[in-house]
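These are the residues of each chain, in order.
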Amino acid sequence: MAEQPAPTQPILGAPQKPQRVDWRRRFQWASIIISHPQARIGLFIVVALILMGVFAPLIAPGDPNEFVGMPNQKPGDEFILGVDPLGRNEFALVVWGARVSLAIGFGTAALGMLIATTVGMIAGYFGGLLDDILVLIMNLFLVIPGLPLLILLAAYLRPSTATVIFTLAITGWAFNARIIRAVTLSLREKDYVAAAIVAGEDNLTIIFRQILPNMINLIVGGFIGMSIYGIASSTALAFLGLTNMEDVSWGTNLFYAQNGNSLLLGAWWVFVPSGFLVALSALGLAWINFGMDEITNPRLRAERELRKALKGTKLERVRATPVIRRGH
Amino acid sequence: MDTNTAPTPKKDVVLDIRDLYVEYLTPRGPVQAVDGVSFTIGRGEVFGLAGESGCGKSTIAHTILRVLRPPAVVTGGQILYKGVDVLELGDEARPAVDGKPSWSLEAFRWAEVSMVFQSAMNSLNPVVRISDQIIDTVVKHWKVTPKQARDRAAELFDIVNIDKRRLDAYPHELSGGMRQRAVIAMALALKPSLLIMDEPTTALDVVVQRDILQQIEQLQEQLGFSILFITHDLSLMVEFSDRIGIMYAGDLVEMAPASEIFSNPIHPYTQGLLTSFPSITGERRPLTGIPGSPPNLITPPPGCRFHPRCTKCQPVETVAAPRFEEVLPGHWVAVHAGMPLPTGAKG
Amino acid sequence: MSNAHPDHAPQPATEPMLEVRGLVKRFAVGGLVRPRHVHALNDVSFSVARGQVVALVGESGSGKSTTARVIIRLLQPTAGEILLDGVDVLKSEPRKASLDFRRRVQMIFQDPFSSLSPNHSIGYQLERPLLIHKRASGRQVREKVHELLATAGLNPPEEMAEKFPFELSGGQRQRVAIARALAVEPELILADEPISMLDVSIRMGVLNLMQRLKEERGIGFLYITHDLASARYIGDRTMVMYAGHVVESGESTELMENPKHPYTQLLLAAVPNPQAGLTTKTVQARGEVPSLIDPPPGCPFAPRCPQVKDICRQAMPTTTNLASGHWLRCHLYS
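Residues numbered from 1 in each chain as written. Chains lettered and ligands numbered in written order. Predicted model: local features only at pLDDT ≥ 70, side-chain atom pairs only at ≥ 80, totals over all residues.

Draft legend 1. Examining the overall build of chain A more closely. Helices and strands together make up the secondary structure of chain A, namely 15 helices and zero strands. Counting over 328 residues, chain A shows a buried share of 41%. (Helix = DSSP H or I, 4+ residues; strand = E, 2+ residues; numbered from the N terminus. Buried ≥ 20, exposed ≤ 12 C-beta atoms within 10 Å, placed from the backbone.)

This is the structure we're talking about:
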């Protein structure tokens, strides 16, 4: 039987004023992120890096491109992270680099998810010939090798931040589009969508009011995933010299490190910090996504809560129903 | 089916559940899923446990086999199977005491008590042939050769009326009814003395349902095992059980021979339940069902758990828990002070 | 008001509200080179009079749910006609169902847990049909929503409107679904197994609500179920489907006391019925429902029928009219 006892009061407390939309459920992902320990740390890392980029003028005042001293000086009293092969303050470069790197990452994610969601939902909801065509396009973009396409596009288009974002979004949207299409297909078959059709709702309303809200978790998760892709790939492109070299980003820092033979010279302070921050931002974003996994797979959350409830008792691993006698 | 009005004599009792309490630990507090339930099943008897969702019947079934996983915990009572408390069994066999056998849980499960679950697809591994699934079980328990185990599997298929040539099929190659019969064959593989059936036919068509239950009846007469039959379909249960226990919100509220429950229900919940089943013959009378819905078992209603929905009992008893008593010979009801009882009944 | 098969009975004085003729639905499955087809519905014809409850009974695979989805136009039939008050809607609005159609014919679904949108309040979900069909505006909308909730037995309506589906029990959700269907003041409601997923003690309440709506508002129901007992309880007429065909139809009690088609007899013998005495009946049930993929010609029940004749395997029987609106398709009678 599918019937469950109705709680005598709502589980999370009664809504305070009349609401149309279940905001608690819509923003479930936010509450998960805050409660999941790994996701919390990930969030902290990402927010810290964003703040670092935003407040760069305060943390490392001045123009990071400015020539400040002898190239390749070791970190010391005057320069916390030393000087790079072009004579610039490495610390400033690393701090200011966050701006462009993160901006490209999130920009890619925003544009990429916009395309992915639009294409995925249209393909999934309308089906038929439209779906076949869109799936073909999706598969095309999936099959084309990413990096060569990136290099090709970046080499032909005038290098700039916008170009990079555009290029990365174009090569990366198909992955999430497939997932969104699959979920749309399954949500379309739900009874409440059928009920909406029967009530006379038009397609657009159904897509935005019935289907989209159930995919917010997926879209946020996809956004975070694409951000990692954006940051890492733009760094790779910059390292190859295919972006605007006048920008200060972690990728360009690494380019100049390579150009200035920093590895050979043992000038670790030139490439380690930028590389480390790229890895750190990817780590932080990935950990946030681990928390998001709990939404797509509620069992994970149930298991985590169960372990919490059973903490202290010896019931964690048993093969038979445990017996703990109490007085009755 | 024979109606059995006399209480089961002691030595013929296969299962004796005494005062069983089971809880589920949740972050919001413990759920009192089974609240002091006692009943017995005799040799060769079909005992039906009826109730709606959340009443605890499935919990009891799984607890008998000790297959409920945490956060479920047994917090009191005894489950005596052939005199041995199942709740005391462990992973190793203990020395026999007083001439009573003492099994390990592994020896107990399936060889003494086995279970048929609601959906056959839950019990059958979709990527393993049926024959292999039976052979694995038999070889493990009986220490026989695979050839002998295969013979046993063929024998079982005969018993449940499936063509022996389908032995090597995968579950998805069989129809729904055949799958359920294969599951029954697996449950009977080791000649258990007690077969628990948890909603065995709910997912099946009514014709297949009757076919399978008839089969089980015949098997039971041949092989002599007892059955604990769990379902929410009271009309089905009345036809196939000897005695019936009605559960509500973790409590056993009435227990009597099947015909008695149907012709003379005493507890208001049973009476309400019987007004929920329209019939295909007889006069068409308006039926009402029971207003309201089952309670939240984290904070169940005090005293009689049915009182918020009960229309019979005035004044409403909300303090003392009802006592489960034999108000007529063989007919037990959870009574509390002030409850209307038929004449001749001891209140 | 007679409800006989249109081909054989004298035409009734007033047209039936809903009439379906020769509905066929096939689904293509697999095989790019030679696709096979599931014959979900075959030549299904029946009518529902105004304010009448017709029960459509069948086991899984019988086509009863497909029939509902075709009538409500969630699926496009392969062939056939759907007439509302004599007008074939498949011809008058071929591409998409008009708003008028959606007002006149509504549907309740089987699973109370998935037929309500989990993200919106009950009030919102009841408002939508009112707004779409312009049944109310402004202040009136809220009042109408409360009225609907009260009619469906959900009290107090003001509180209920603010709740979300997860806060309600299955029975309450099904009542919300009924309230939603009522919002547009339909003439016909298709109820696809509305109580089979509810707790037993709650089912009668929902059925009684449907009964009341029929009596007080003259709404017709097509009640789809696998449970003969509830079909008899609420249905004025009962139709029995098997493997995509309607095999027998008649007034409910009469059908169940005098079933003529061997399948109907099999069904009735198989239903648990403690009132008929506690002896368990043995039922001669051979085989199971046949595959619907490219079935062989003839009556689909032939493989299992205890009274099968040669002709049964060759041709599908035509409709035979017995007394007073009881008709069936069986070679034993044609």
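Draft legend 2. A look at the overall build of chain B. The secondary structure content of chain B amounts to 10 helices and 12 strands. The C-alpha atoms of chain B give 21 Å as radius of gyration, which agrees with the globular expectation for 347 residues (20 Å, within 12%). By principal-axis analysis of the C-alpha atoms, chain B measures approximately 65 × 50 × 45 Å. Relative to its full complement of 347 residues, chain B shows a buried share of 50%. (Rg over C-alpha atoms; globule rule 2.2 N^0.38 Å.)

Draft legend 3. Highlighting unusual backbone geometry. Residues and elements named next belong to chain C. Following Asn155, the chain continues into Pro156 via a peptide bond in cis, with omega recorded as -10°. Locating Pro156 in the fold gives a position in the loop between α5 (139-151) and α6 (157-162). Despite not being glycine, Arg73 shows a phi value in the positive range, around 65°. Following the sequence through the fold, Arg73 ends up in the loop between α1 (64-71) and β4 (79-84). Residues other than glycine seldom take positive phi values, yet Ala243 does so here, at roughly 50°. Looking at the element boundaries, Ala243 is found in the loop between β9 (237-242) and β10 (245-251).

Draft legend 4. Molecular detail of helix α6 (residues 176-187) of chain B. Residue and element names in this part refer to chain B. For α6, spanning 12 residues, the distance from its first C-alpha to its last is 17 Å, which sits close to the expected 16 Å at 1.5 Å a residue. Taken across its 12 residues, α6 has 11 buried, putting it largely inside the fold. Those residues of α6 that sit buried are Gly177, Met178, Arg179, Gln180, Arg181, Ala182, Val183, Ile184, Ala185, Met186 and Ala187. Packing partners of the buried residues in α6 comprise β6 (113-116), α3 (120-123), α4 (130-142), α5 (146-159), β7 (194-198) and α7 (206-223). (Expected span 1.5 Å × (residues − 1). Contact = placed C-beta atoms within 7 Å.)

Draft legend 5. Representation of the nonpolar core in the model. With 270 residues, the main nonpolar core has Ala185 and Leu228 of chain B together with Leu190, Leu222 and Tyr223 of chain C as its most contacted residues. If you tally residues by element for this core, the top one is helix α5 (residues 90-126) of chain A, at 17 residues. (Core = buried A, V, L, I, M, F, W, Y, C linked by C-beta atoms within 7 Å.)

Draft legend 6. Highlighting the interface of chain B and chain C. Tallying the contact residues gives 40 residues for chain B and 34 residues for chain C. Contributing elements (two or more residues each) for the side of chain B that touches chain C: α7, α8 (234-240), α9 (258-263) and α10 (268-274) of chain B. Per element, the largest residue contribution to the side of chain B that touches chain C is seven residues, and it comes from α7 of chain B. Residue composition of the side of chain B that touches chain C, grouped by class: 17 nonpolar, 16 polar and seven charged. (Nonpolar A, V, L, I, M, F, W, Y, C, P; charged D, E, K, R; others polar.)

Draft legend 7. How the structure looks around the pairing of strand β8 (residues 220-225) of chain C. All names here are of chain C. Of all six residues in β8, six are buried; the element is thus mostly enclosed. Neither face of β8 is exposed, since Gly220, Leu222 and Ile224 on one face and Phe221, Tyr223 and Thr225 on the opposite face are all buried. Of the pairings in the sheet, the one linking strand β3 (residues 53-57) to β8 comprises five bridges and is parallel in character. Each residue of the ladder has a partner; that of Leu56, found in β8, is Ile224. Tracing the backbone out of strand β7 (residues 188-192), into helix α8 (residues 200-217) and back to the parallel element β8 gives a crossover that is right-handed. (Pairing = 2+ DSSP bridges. Right-handed = clockwise from strand over helix to strand, strands pointing away.)

Draft legend 8. Broad picture of the pairing of strand β2 (residues 29-42) of chain B. Residues and elements named next belong to chain B. Relative to β2, strand β1 (residues 13-26) is paired through 11 bridges, and the arrangement is antiparallel. Of the residues in β2, the one forming a bridge with Tyr24 is Val31. Between β1 and β2, which pair antiparallel and follow one another directly, the connecting turn spans two residues.

Draft legend 9. Examining the confidence of the model for chain A more closely. All names here are of chain A. Looking at chain A, the pLDDT average stands at 84 and 88% of residues meet or exceed 70. When mean pLDDT is taken per element in chain A, α5 scores highest with 94 and helix α1 (residues 23-26) scores lowest with 69. Across residues 1-17, where pLDDT falls below 50, the model places 32 contacts with residues more than four positions away in sequence or in other chains. (pLDDT = per-residue confidence, 0-100.)

Draft legend 10. Quick peek at the confidence of the model for chain B. All names here are of chain B. Put simply, chain B has an average pLDDT of 84, and 93% of its residues get 70 or more. Low pLDDT, under 50, characterises residues 1-6; the predicted model gives this stretch 18 contacts beyond four residues in sequence or across chains. Predicted complex metrics record ipTM = 0.86 and pTM = 0.84.

Draft legend 11. Fine view of the sheet that holds β10 of chain C. Residue and element names in this part refer to chain C. Strand order in this open sheet of eight strands is β6-β7-β8-β3-β9-β10-β12-β11, and the pairing throughout is mixed. The outermost strands of the open sheet, each flanked by one partner alone, are β6 (105-108) and β11 (319-321). Going from strand to strand, the sheet's axes swing by 20° on average, the running direction of each strand aside. Here β6 pairs with β7 via four bridges, running parallel. (Axes fitted to C-alpha atoms, helices over the stretch in contact; angles between N-to-C directions.)

Draft legend 12. Local environment of helix α7 (residues 170-182) of chain C. Between its first and last C-alpha atoms α7 of chain C spans 18 Å; for 13 residues at 1.5 Å apiece the expected length is 18 Å, and the two agree. With 13 of its 13 residues buried, α7 of chain C lies for the most part within the structure.

Draft legend 13. Representation of the sheet that holds strand β1 (residues 18-29) of chain C within the structure. Residue and element names in this part refer to chain C. Read across the open sheet, the four strands follow the order β2-β1-β4-β5; overall the sheet is antiparallel. Of all the strands in the sheet, just β2 (36-48) and β5 (87-88) have a single pairing partner and so form its edges. Looking at chain direction, β1 and β4 are connected through five bridges and run antiparallel. Looking at the pairing, Val24 lines up with Ala79 of β4.

Draft legend 14. Region of the structure containing the environment of Glu15 of chain C. All names here are of chain C. Position of Glu15 relative to the elements: it lies in the segment before β1. Owing to 16 C-beta atoms within 10 Å, Glu15 belongs among the partly exposed residues under this scheme. Separated by 70 residues in the primary sequence, Glu15 and Asp85 have C-alpha atoms spaced 6.2 Å apart. Residues in contact with Glu15, not counting those within four places in the same chain, are Asp85 and Gly86.

Draft legend 15. Focus on the packing of α4 of chain B against α6 of chain B. All names here are of chain B. Direction vectors running N to C along α4 and α6 enclose 15°, while the axes themselves pass 10 Å from each other. With respect to their mutual orientation, α4 and α6 come out roughly parallel. Every pair of crossing elements has a handedness; the one defined by α4 and α6 is right-handed. Of the residues in α6, those in contact with Ile130, Gln133, Ile134 and Thr137 of α4 are Ala182, Ala185 and Met186. Of the residues assigned to the contact of α4 with α6, the class counts are five nonpolar, two polar and no charged. (Parallel < 35°, antiparallel > 145°, perpendicular 65-115°, else oblique. Left-handed = near helix turned anticlockwise from the far one by under 90°.)

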